[in-house]
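For reference, the chains in residue letters:
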Amino acid sequence: RAAEMSAASLDGASLLFCDLKDIQADEASLNGAILRDSVLDGADLRSAQLRSATFRRGSAVGASFRYSDLRGATFVRTNLSRATFRGANLEGADFTLARGTTPSTFDMARGHFKAPDPAASQVKAGCAALPAFGASYPGCDLRARSWDGVNLEQASLDGADASRASLVLAKLSHASLLRASLAEADLRGASLNSARLDDADLTKADLVGAELTEASLRRADFRMSQLGAAKVGFVQAEEADFSDAVAEKALFEGAAAPRAQFARARLAESQFNGARLVGASFAKADLVGASFKDAAVEGVDFTGALMDVATDFTGAIGVDKVAAWPAGYSPPLG
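Residues numbered from 1 in each chain as written. Predicted model: local features only at pLDDT ≥ 70, side-chain atom pairs only at ≥ 80, totals over all residues. Heavy atoms only, no water.

Concerning the sheet that holds strand β5 (residues 94-99)
Here comes step 1: One open sheet holds the five strands; their spatial order is β1-β2-β3-β4-β5, and the pairing between them is parallel. The open sheet has two edge strands with one neighbour each: β1 (14-16) and β5. The sheet shows a mean angle of 15 degrees between the axes of neighbouring strands, direction not considered.
Here comes step 2: As paired strands, strand β2 (residues 34-36) and strand β3 (residues 54-56) are joined by three bridges and run parallel to one another. From the neighbouring strand, R36 faces β3, where its bridge partner is R56. (Pairing = 2+ DSSP bridges. Helix = DSSP H or I, 4+ residues; strand = E, 2+ residues; numbered from the N terminus. Axes fitted to C-alpha atoms, helices over the stretch in contact; angles between N-to-C directions.)

Rendered as structure tokens:
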């Protein structure tokens, strides 16, 4: 049964990781609210008050914002596929990093607002082209495509939606996938070396055995993904999110991942040798047998992490300035 929030007053609320699918929230007041990592697929937000609300890294597929007040609202990495804003007041709203929109998304909306990047939101005529080296699919709907083993090296897929696509053993080295969605895609054994995946969505993607060496993964979302034995070395992964990922025996050596999130991730026997992890979080992660040799760990949060005698911090930098160690754990000498 869908939740009932019609006419509810929740101004300034923080709704984090909430499942609000099909919620009835017409005429609700959510001015200044923060909706982060929340699912609003099919939600009814008709005539809702959403002034200065922030929607971040969530999903509002098929949601209705008809006649709502969204003045000053911001949508960051939010999937708005099939959503409608007909009659809504969008004065000052910012959709530049929104995903999945088409020109019809904003039919009959009112006010001056920052529109989504056309390269990330509009479907181009070339979207039906066969996959090939250097092909261009900016903003294309590539959902559930079966492209196992294809050669898409140096291809442009910025803003494309390739969620649930099958790309087993695909070649995507040096491809550009900025802001692309690869959620739940099958990328087992795929090559993404030196690919650009900044702000990409790879939630629940299967990347077992994939190669991402020297890829750019800034702010990329790998939550709940499968990364067992993946090669993720020497990547640029500032603020990337690997929370709840399964990545046993993955290789993150030399990764630049300050402020990255690895909370609750399964990282047994993974290697972070020489990685730069300043300010990252491994809270409640499984780090049994993991190696952090020569890694920079200043400010890292290891609260509740599972470690054993094989968890190796030999030569690690900043062990005396770690934000928190697991209770009862004897940290290595600096």
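Things to note about the environment of P332
Here comes step 1: Within the secondary structure, P332 is located in the segment after α1 (118-121).
Here comes step 2: For P332, the contacting residues outside a window of four places in its chain are F313, V319 and W325. (Contact = heavy atoms within 4.5 Å.)

Here we look at the environment of A175
Here comes step 1: Along the chain, A175 turns up in the segment after α1.
Here comes step 2: The class for A175 is buried, based on a relative accessible area of 0%.
Here comes step 3: Each C-alpha atom, one on A175 and one on S136, is 9.9 Å from the other, the two residues being 39 residues apart in sequence.
Here comes step 4: With near-sequence residues (within four places) excluded, A175 lies in contact with L152, Q154, A155, A195 and R196. (Buried < 20%, exposed > 50% of the residue type's maximum accessible area, 1.4 Å probe, protein only.)

Digging into the pairing of strand β4 (residues 74-79)
Here comes step 1: Where β3 meets β4, three bridges bridge the pair, whose relative direction is parallel. Each bridged residue has a counterpart across the sheet, and for F55 the counterpart in β4 is F75.
Here comes step 2: Across three bridges, the pairing between β4 and β5 is parallel. Directly across from V76, in β5, lies its bridge partner L97.

A closer look at the pattern of salt bridges
Here comes step 1: Counted under the stated rule, the structure contains 18 salt bridges.
Here comes step 2: Where R143 meets D161, a salt bridge forms, and the shortest distance between an N and an O atom there is 3.9 Å. Placement of R143 in the segment after α1 and of D161 in the segment after α1 is noted, with a sequence separation of 18 residues between them.
Here comes step 3: In this structure, the salt-bridge partner of E238 is R218, at a minimum N-O distance of 3.4 Å. Separated by 20 residues along the polypeptide, E238 in the segment after α1 and R218 in the segment after α1 bring together distant segments of the chain.
Here comes step 4: Relative accessible area serves as the criterion here: at 28%, R218 is assigned to the partly exposed category. (Salt bridge = Lys/Arg side-chain N within 4 Å of Asp/Glu carboxyl O.)

Looking at the side chain of R99
Here comes step 1: On the secondary structure map, R99 appears in strand β5.
Here comes step 2: The class for R99 is buried, based on a relative accessible area of 10%.
Here comes step 3: Looking at R99, its side chain comes within polar contact range of the main-chain oxygen of R179, at 3.3 Å. (Polar contact = N/O pair within 3.5 Å; in protein donor to acceptor, adjacent residues only side chain to side chain.)

Topic: the nonpolar core
Here comes step 1: Membership of the largest hydrophobic core comes to 73 residues, with the highest contact counts inside it found for L217, F282, F292 and F302.
Here comes step 2: Dropping the residues within four chain positions of it, L217 is found in contact with L197, D198, L212, F222, V232, V235, Q236, A237, A240 and F242.
Here comes step 3: By size, the runner-up hydrophobic cluster in this structure holds 31 residues, among which are L15, L20, A53 and L90. (Core = buried A, V, L, I, M, F, W, Y, C linked by side-chain atoms within 4.5 Å.)

Details of empty space enclosed by the protein
Here comes step 1: For the coordinates displayed, the defined rule picks out four cavities of 30 Å³ or more.
Here comes step 2: Lining the largest cavity we find L142, W147, L152, L157, A162, A165, L167, L172, L177 and L182.
Here comes step 3: In the lining of the largest cavity, the residues fall into ten nonpolar, no polar and no charged. (1 Å grid on protein atoms, 1.4 Å probe; cavity = no way out; pocket = protein on both sides within 12 Å on 5 of 7 lines; lining within 4 Å. Points joined across faces, edges and corners; volume = space filled by probe spheres on them. Nonpolar A, V, L, I, M, F, W, Y, C, P; charged D, E, K, R; others polar.)

Some remarks on the confidence of the model for the protein
Here comes step 1: Here the protein averages 92 in pLDDT, and 96% of its residues register 70 or above.
Here comes step 2: Between the elements of the protein, mean pLDDT differs from a low of 51, seen in α1, to a high of 92, seen in β3.
Here comes step 3: For residues 120-124, every residue scores under 50 in pLDDT, and the model assigns this stretch 19 contacts once sequence neighbours within four places are set aside. (pLDDT = per-residue confidence, 0-100.)

Description of unusual backbone geometry
Here comes step 1: A positive phi angle, close to 60 degrees, is found at E184, a residue other than glycine.
Here comes step 2: Considering the arrangement of structural elements, one finds E184 in the segment after α1.
Here comes step 3: The phi dihedral of K204 is positive, around 60 degrees, even though this residue is not glycine.
Here comes step 4: For K204, the location among the structural elements is in the segment after α1.
Here comes step 5: K204 gets classed as partly exposed once you look at its relative accessible area, which sits at 46%.

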